Amino acid sequence: MKKTGIVFLLFITSLLQGQTYNNLWIPDTISGTQFNLNLKDTFAQLRPGNQTITAGINNKIWGPTLFFNKGDTVHMNVHNYLNDSTTIHWHGFHLPAVMDGGPHQIIPPGTIWKPYWKVSNNASTYWYHPHLHTMTQEHLTKGLGGFIIVRDPQERALAIPRRYGIDDIPLVLTSRRYDASNAFAYTNIAYGDYMLSNGTPSAQISLPKQMVRLRILNAEIERGYDIGFSDNRTFYIIGNDGGLLNAPVPVTRVKLLVGERIEILVNFSNDVLGSSLDLKSYNAGQTFGFPGGEPSSSGPLGSLLNNTNFNVLHINIGAQTANPITVLPTNLVNNTYWTAADATVNKSVNVTGGTPGNDFTLDNASFALSVINKTVTLNSIEKWTITNNNVFGHAFHIHDVEFKIVARSSGTVGVHESGWKDVVYLPKNESVTFVAKFDDYADTIHPFMYHCHFSNHEDGGMMGQFIVKSSVPTGLSANELTESDFTIYPNPANNKLFINLSDLGAEVYYLRITNVVGKTLYMLPKPQLTEGIDISHFSPGVYMVQLTHNKTKKTTTKKFVKE
Ligand code: C2O
Ligand code: CU
């Protein structure tokens, strides 16, 4: 009788609040070393009424979670079925610039892009997302992106939760504004009005009565989150963007800016079965400059969620699983971080622009694809100081490396951000200094990016690019290709096309296959030629294969026939 009464009361309460929840969508997974990603325009029913025009990767919105093992060589088959060019960037990964998926690695519609690289990143939570200059906000808003989870032996040896979707939950946070016909708004807006957690509106999940790991990604356009639980319980940060911390860090709140990831452990062992609580963002009363703290509830810089505390995930406590983790580990991994003293080169970047009517910039220069803003020598350890004596906060991100934050002008570096990072919150009136080593990958053509990760700011030009150049002068070597130096066979070809280089020491920088009217169908950075090029999916006809020489960067084209 008493029990029925409680259930009835809960029912009334939820009726009064008008609150209904949808089960949190857990993205499907792909493991192994071959990853097929199909980008397409589609629709999703996100609210009553019209479906919303979205874009997804093998899905209606967002994409599959990719599992990589450190040390594996991963091969990505990115097929752009969108009606628009885009790029896919592997956020946080250390890889050759030509594989990076930044604004230079454009994938035209109908084209397959096949980058690959050896995974050298630590076990952590990464992501992939579009990065086409001036179009990033629109493509992200439509829903393109996905998680990447890297595993390594150090992480595997720890007694921490790692059952995906059960006690190890990926959680991507974002929000959207809808127009009257339920289309996403993405012109001249910084913030959405309604939360989407893993693409799910008003999300709920049942989590077991034990230690649970949440991998939280802020994939917003501009909003920052100040994450905590509705009962103010302590939870533990175990990982930053690029790896596990040395030891869990207890907190009750943690700020998470756009592009940042944290892994947390939260202990539900002592919660009552059937009880519930909320994971929330505490954005009310933030100091001006924290993105999403602005008071207005509408317009370009306002939203219904601004300056409020709002739910990101409703959690219902379910039964304990078999073999639960219930104890917090005291130590995690032994990181050896760079210190300021390791750096032999200092660089600085200043936030500029942002005056009324003007976009934000870096060092008074708006992004230009043809301008290299900085040059780094391969293998150097550099100290970068990013200074923001400007009107608002930002989230600074750099490609190619994971860095260690060594100083904040406001005082000490938070222990919650003491691990490997690739995005850092840059509050108003503050400067942040980090140290990174730029090893392994030098490239004279393709630069890496550094930018504000607010995609509206990035699209507006708040981005620069750097080249990593080899300390050994390359020049033109005897290994350069000339037209007569390669043959393609068989010709006509059916399933595989083989490229024969007469100089075995020569390398191909880029291979592109176009049809006779010049449309790019296949883009293979640094192709592994010995395996042959799979052309089985091409329709019969005449095609051009264009090789870019690794040393001279000159291109040479030959014709072949597909039977
Ligand atoms: Cu997450 Cu340059 O990007
Ligand atoms: Cu910014």
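Residues numbered from 1 in each chain as written. Chains lettered and ligands numbered in written order. Predicted model: local features only at pLDDT ≥ 70, side-chain atom pairs only at ≥ 80, totals over all residues. Heavy atoms only, no water.

Draft legend 1. Structural detail: the nonpolar core. Of all hydrophobic cores here, the largest spans 36 residues; its most connected members are Trp 384, Phe 396, Ile 398, Phe 438, Tyr 450 and Phe 466. Elements that contribute at least two residues to this core include exactly strand S23 (345–353), strand S24 (360–362), strand S26 (380–388), strand S27 (394–398), strand S29 (423–426), strand S30 (430–438), strand S31 (448–452) and strand S32 (463–469). Counting the residues that make up this core, at least three belong to each of domain 1 (5–318) and domain 2 (340–469). Beyond its immediate chain neighbours, meaning those up to four positions away, Phe 466 contacts Ile 372, Lys 374, Val 376, Trp 384, Ile 398, His 399, Asp 400, Phe 438, Pro 447, Phe 448, Met 449 and Tyr 450. Counting 33 residues, the second largest nonpolar core, distinct from the first, contains Ile 169, Leu 173, Leu 279 and Val 312. (Core = buried A, V, L, I, M, F, W, Y, C linked by side-chain atoms within 4.5 Å. Buried < 20%, exposed > 50% of the residue type's maximum accessible area, 1.4 Å probe, protein only. Helix = DSSP H or I, 4+ residues; strand = E, 2+ residues; numbered from the N terminus. Domains from an automatic or database assignment. Contact = heavy atoms within 4.5 Å.)

Draft legend 2. Up close: the sheet that holds S23. Pairing within the open sheet is mixed, and its five strands lie in the order S24-S23-S26-S30-S28. With partners counted over all chains shown, the strands left at the sheet margins are S24 and strand S28 (404–408), one partner each. Taken over all neighbouring pairs, the strand axes of this sheet differ in orientation by 20° on average, direction set aside. As judged from the six bridges shared by S23 and S26, these two strands associate in the parallel manner. Counted as the bridge partner of Val 349 is Ile 386 from S26. (Pairing = 2+ DSSP bridges. Axes fitted to C-alpha atoms, helices over the stretch in contact; angles between N-to-C directions.)

Draft legend 3. Structural context of the coordination of the copper ion (ligand 2). Protein-derived coordination of the copper ion (ligand 2) comes from His 394 (ND1), Cys 452 (SG) and His 457 (ND1), at a distance range of 2.0 to 2.1 Å. Mapping the donors of the copper ion (ligand 2) onto the primary sequence yields the spacing H-x57-C-x4-H. Separated by 63 residues along the polypeptide, His 394 in strand S27 and His 457 in helix H4 (residues 455–459) bring together distant segments of the chain. On the accessibility criterion, His 394 (1% relative accessible area) is buried. (Donors = N, O, S within 2.8 Å, 3.2 Å for Na, K, Ca; no water.)

Draft legend 4. Inspection of the domain arrangement of the protein chain at higher detail. Domain annotation of the protein chain identifies domain 1 (5–318), domain 2 (340–469) and domain 3 (483–562). The gap between the C-alpha centroids of domain 1 and domain 2 is 23 Å. Taken together, the contacts link 51 residues of domain 1 with 41 residues of domain 2. Across the domain 1/domain 2 interface, buried area totals approximately 3700 Å², and carbon plus sulfur atoms make up 58% of it. If you sort the residues of domain 1 by the area they bury against domain 2, His 94, His 104 and His 133 come out on top, with a joint share of 18%. Where domain 1 touches domain 2, the interface holds three salt bridges. Of the charged contacts in the structure, one is a salt bridge between Asp 422 and Arg 261, with a shortest N-O distance of 2.8 Å. Linking domain 1 to domain 2 there are 31 residue pairs in polar contact (both at pLDDT 80 or more). Every element with two or more residues in the side of domain 1 that touches domain 2 is listed here: strand S7 (89–91), strand S10 (124–129), helix H2 (136–142), strand S17 (235–240), strand S18 (243–251) and strand S19 (254–256). Among the residues forming the side of domain 1 that touches domain 2, the class breakdown is 24 nonpolar, 19 polar and eight charged. (Buried area = accessible area lost by both parts, 1.4 Å probe. Salt bridge = Lys/Arg side-chain N within 4 Å of Asp/Glu carboxyl O. Polar contact = N/O pair within 3.5 Å; in protein donor to acceptor, adjacent residues only side chain to side chain. Nonpolar A, V, L, I, M, F, W, Y, C, P; charged D, E, K, R; others polar.)

Draft legend 5. Here's a closer look at the packing of aromatic side chains. The full count for this structure, using the stated rule, is 33 aromatic pairs. When the ring of Phe 396 is compared with that of Phe 434, the centres are 6.2 Å apart and the planes differ by 35°; the resulting orientation is tilted. Taken together, the positions of Phe 396 in strand S27 and Phe 434 in strand S30 put the pair 38 residues apart, joining distant regions of the chain. According to the relative accessible area criterion, Phe 396 is buried, its value standing at 3%. We classify Phe 434 as buried; its relative accessible area is 0%. Between Phe 396 and Tyr 450, the ring centres sit 6.1 Å apart and the planes meet at 35°, which makes this aromatic pair tilted. (Phe/Tyr/Trp six-rings, centres within 6.5 Å; stacked < 30°, edge-to-face > 60°.)

Draft legend 6. Region of interest: the sheet that holds S17. Within the open sheet, the six strands sit side by side as S13-S12-S15-S20-S17-S18. Their pairing is mixed. What marks the edges here is a single partner per strand, and that holds for strand S13 (194–197) and S18. On average, adjacent strands in this sheet sit at an angle of 25° to one another, irrespective of strand direction. Sheet analysis places strand S12 (residues 168–176) next to strand S15 (residues 211–218), joined by six bridges and oriented parallel. The residue bridging Ile 169 from the neighbouring strand is Leu 214, located in S15.

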